[in-house]
Amino acid sequence: MELILRFFANFREAVGQKTLEREYPDDATVGEVLESLTEEYGLDLFEDGEMRPQLSIMRNGKDVVHIDGRETSLSDGDRLSIFPPVAGG
């Protein structure tokens, strides 16, 4: 399946572009995609084997935390948006 991967802030800088289109196996999960991005680009997405809680990972505009977390399934054409922690006051 083909996914559209969108990166924001420092993740965009690490990847070198805002958007990538990538092929993944039909049964890939959010966690597997994030693991491949961690290996390829050195993104800091995991802590003790789990997705960092302060990250926002969105599948088609919905936070995967409210779906199945790292086990969230993906479908051909899905958009996966990866936001770093946001701080401010």
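Source: prediction; values computed, not measured. (Residues numbered from 1 in each chain as written. Predicted model: local features only at pLDDT ≥ 70, side-chain atom pairs only at ≥ 80, totals over all residues. Heavy atoms only, no water.)

Draft legend 1. Molecular detail of the sheet that holds strand S5 (residues 56-59). On the basis of which strands lie adjacent, the open sheet formed by five strands has the order S2-S1-S7-S5-S6 and mixed pairing. The strands lining the two open edges of the sheet, one partner per strand, are strand S2 (19-23) and strand S6 (62-63). Summarising the sheet, strand S1 (residues 2-7) and strand S7 (residues 79-83) pair through four bridges and their orientation is parallel. Looking at S7, one finds that Phe7 is bridged to Ile82. (Pairing = 2+ DSSP bridges. Helix = DSSP H or I, 4+ residues; strand = E, 2+ residues; numbered from the N terminus.)

Draft legend 2. Representation of the pairing of S5 in the model. Summarising the sheet, S5 and S7 pair through four bridges and their orientation is antiparallel. From the neighbouring strand, Ser56 faces S7, where its bridge partner is Phe83. The sheet contact formed by S5 and S6 spans two bridges and is antiparallel. Across the sheet, residue Arg59 finds its bridge partner in S6, namely Lys62.

Draft legend 3. The arrangement of the side chain of Thr72 in detail. Checked against the element boundaries, Thr72 lands in the loop between S6 and S7. Take Thr72: its relative accessible area is 0%, and that puts it in the buried class. Separated by 2.6 Å, the side chain of Thr72 and the backbone oxygen of Gly69 make a polar contact. Excluding residues within four positions of it along the chain, Thr72 makes contact with Thr29, Val30, Arg59, Val64 and Ile67. (Buried < 20%, exposed > 50% of the residue type's maximum accessible area, 1.4 Å probe, protein only. Polar contact = N/O pair within 3.5 Å; in protein donor to acceptor, adjacent residues only side chain to side chain. Contact = heavy atoms within 4.5 Å.)

Draft legend 4. Up close: unusual backbone geometry. Positive phi values are uncommon outside glycine, yet Ala9 reaches one of about 55°. Mapped onto the secondary structure, Ala9 falls in the loop between S1 and helix H1 (10-15).

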